[in-house]
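Summary of the model geometry
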Amino acid sequence: MGQARKDRRLAWRPRSLQARQLLAASLGLLAFLAAAGYALDRAFVDVASELQRDRLRSYATSYARDIEFDRAGNLIPPYTQPDERFERPGSGLYAVVVLPNGTWSSESTSGPRLPDAELLEGGVEKFEGPLPMTRADGSDGEVLRYGKGFIWDLEQRPEAEFPYTIHIMEDAGLLPQQVRVFRAALWGYLGIAGLVLLLLQALVLRWSLLPLRRVVAELNRVQRGQADRMSELHPRELEPLTESINALIESERQNLEHQRNTMGDLAHSLKTPLAVLRTRLDGDASEAELRAEVADQVQRMNELVSYQLSRGASGGHQLFAAPVEIEPYAEAIVRGLEKIYAAKGVVCEFEIDPAARFHGEPGDLQELLGNLLENGFKWARSRVLLTVEPGASAPRRRPGLLLAVDDDGPGIPPERIAHVLQRGVRGDERVQGHGIGLSIVQDIVRSYRGELDVSASPELGGARFLVRLPPGL
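Residues numbered from 1 in each chain as written. Predicted model: local features only at pLDDT ≥ 70, side-chain atom pairs only at ≥ 80, totals over all residues. Heavy atoms only, no water.

Some remarks on the confidence of the model for the protein chain
Summing up the model confidence of the protein chain, the mean pLDDT is 79 and the portion of residues at 70 or higher is 82%. Per-element confidence in the protein chain ranges from a low mean pLDDT of 57 for helix 1 (residues 2-12) to a high of 93 for strand 12 (residues 401-407). This model gives residues 424-435 a pLDDT under 50, and the stretch forms 23 contacts once residues within four places in sequence are excluded. (pLDDT = per-residue confidence, 0-100. Helix = DSSP H or I, 4+ residues; strand = E, 2+ residues; numbered from the N terminus. Contact = heavy atoms within 4.5 Å.)

If you want it as structure tokens, here you go:
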């Protein structure tokens, strides 16, 4: 059952970024249009209701201005009505004037049965509704009613004043009808606008995702061997991705070439010892001579294999390795070297910035420190100095690293530096070693796109080996 739910989730999940973006944007657009439509609808209903109230109030004010009373207190209706519907029976717009001694109604009240109107005090306004009424055809209906009380002074004396009230009523079905017409137009236009916006949204998404499709196309060309790397013409947001892909491609290409070279060098190196063994086996050497020759050649092959394995291990430059703290590795290496060179009494000092980190394989860091420090211990008279500090930095990249090993030994003449750094060359043939330590250092530094500088030490007077690693991805 759990697998079935998972399959259903996978079936409903959008398969592309464009589909996901289009779905999310469409839902957001529909929600916005629905909220906007609801807000406009409520605003129209409120405004229409207020306009209807103002209209009824203006009719009442118009009647109050035009009607008059004779000396007996009888109402004299206006000669013209504020609206022609007051003159048409059952039109839906009605006027009723309530007097202390009776009522007066407009011609439109003929036929319908309207709710009873009350007499209000002077200056009092009252808006009511919907109130039940019966239309001229006998059907039930509702009206909205506005009433306002007035005072008429027959003889300009307070004791001759009497109140009257003007009520204006309108069929309550007119406002819902207006609302229905407005809603039909509103949702129709919003629907058309939504379709247009969805189409425009799809076009904008397709255009905005075009750089990603170009990245995919370039990757396909790289996979088919039609291109060596990704191009650099991409938006800023995609540059870290394409740079990392290019670095990965280059790293894999270098690793493959490195492995091929290592295997080729190993095979070539083993040919000579194997040929010597084969010659001795085919000859008439004694058993003791054969044993000595086999032991000698096996020792030589073991050294060659160890060297090639060390060289192969140095080629594993990781692009996304976690930062490695340097001091613990340096301390472990120095403890071992101090035991080996205990007779010389060499002291190793550290000047390590706590913020400095090596961004790469711990094995590469061990090889770097091990070979450089061992070289320093080998040639130093009494002191070795390890200096580590952060290197150059760049936006959106890992910081670089500066790592230097100084000794107080005899140093290296400038004209011999290039010679000493060659593979298999020792600074002094009398000193034990294979001459491959500094070569391994060079291979590691080169794999991290760094530099190895050899110069005279300004602090101790001997040699300084300075490794500069640039900012990484």
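Considering the sheet that holds strand 12
The strand order 9-11-12-14-13 describes an open sheet built from 5 strands, whose pairing is mixed. This sheet does not close on itself; its edge strands, each paired only once, are strand 9 (347-352) and strand 13 (451-456). Taken pair by pair, the neighbouring strands of this sheet meet at an average axis angle of 15 degrees, ignoring direction. Of the pairings in the sheet, the one linking strand 9 to strand 11 (residues 383-390) comprises 6 bridges and is parallel in character. Counted as the bridge partner of Glu 351 is Thr 387 from strand 11. Each of strand 9 and strand 11 is contacted by helix 7 (residues 327-340), which is oriented at about 175 degrees to strand 9, the strand it contacts most. (Pairing = 2+ DSSP bridges. Axes fitted to C-alpha atoms, helices over the stretch in contact; angles between N-to-C directions.)

What about the pattern of salt bridges?
Where charged atoms from two side chains of opposite charge come close, those side chains can pair. This structure, assessed with the given rule, holds 17 salt bridges. Ionic pairing is found between Arg 65 and Asp 66, a salt bridge with its closest N-O pair at 3.7 Å. Given a relative accessible area of 57%, Arg 65 falls into the exposed group. (Salt bridge = Lys/Arg side-chain N within 4 Å of Asp/Glu carboxyl O. Buried < 20%, exposed > 50% of the residue type's maximum accessible area, 1.4 Å probe, protein only.)

Description of the nonpolar core
With 40 residues, the main nonpolar core has Phe 358, Leu 369, Leu 373 and Leu 386 as its most contacted residues. Those residues in contact with Leu 373, other than ones at most four positions away along the chain, are Ile 333, Val 334, Leu 337, Cys 348, Val 384, Leu 386 and Val 405. Ranked by size, the runner-up nonpolar core spans 20 residues in total, among them Leu 93, Leu 99, Tyr 164 and Ile 168. (Core = buried A, V, L, I, M, F, W, Y, C linked by side-chain atoms within 4.5 Å.)

With respect to the packing of aromatic side chains
If you walk through the whole model with that rule in mind, you get 7 aromatic pairs. Relative to Phe 86, the ring of Tyr 63 lies with its centre 5.3 Å away and its plane at 90 degrees, an arrangement referred to as edge-to-face. A residue pair is termed long-range when its members are at least 10 positions apart, and Tyr 63 in helix 2 (residues 17-66) and Phe 86 in the loop between strand 2 (75-76) and strand 3 (93-99) qualify at 23 residues. Side by side, Tyr 63 and Phe 86 carry an identical accessibility label, which is buried. Pairwise contacts between aromatic rings join Tyr 59, Tyr 63, Phe 86 and Trp 104 into one cluster. Lying over the aromatic face of Phe 127, Arg 53 brings its terminal NZ or CZ to 4.4 Å of the ring centre. (Phe/Tyr/Trp six-rings, centres within 6.5 Å; stacked < 30°, edge-to-face > 60°. Lys NZ or Arg CZ within 6 Å of the ring centre and 35° of its normal.)

As for the side chain of Arg 145
Its location among the elements puts Arg 145 in strand 6 (residues 140-153). A polar contact of 2.7 Å, which involves the side chain of Arg 145, links it to the side chain of Glu 128. Residues in contact with Arg 145, not counting those within four places in the same chain, are Pro 115, Asp 116, Ala 117, Lys 126, Phe 127, Glu 128, Leu 131, His 167, Ile 168 and Met 169. (Polar contact = N/O pair within 3.5 Å; in protein donor to acceptor, adjacent residues only side chain to side chain.)

What to know about the packing of helix 3 (residues 174-208) against helix 4 (residues 210-223)
Contact pair helix 3 / helix 4: the axes reach a minimum separation of 4 Å and the direction vectors enclose 40 degrees. Here helix 4 runs oblique to helix 3, going by the angle between their axes. Contacts from Arg 206, Trp 207 and Ser 208 in helix 3 reach Leu 210, Pro 211 and Arg 213 in helix 4. Looking at side-chain class alone, the contact of helix 3 with helix 4 contains 3 nonpolar, 1 polar and 2 charged residues. (Parallel < 35°, antiparallel > 145°, perpendicular 65-115°, else oblique. Nonpolar A, V, L, I, M, F, W, Y, C, P; charged D, E, K, R; others polar.)

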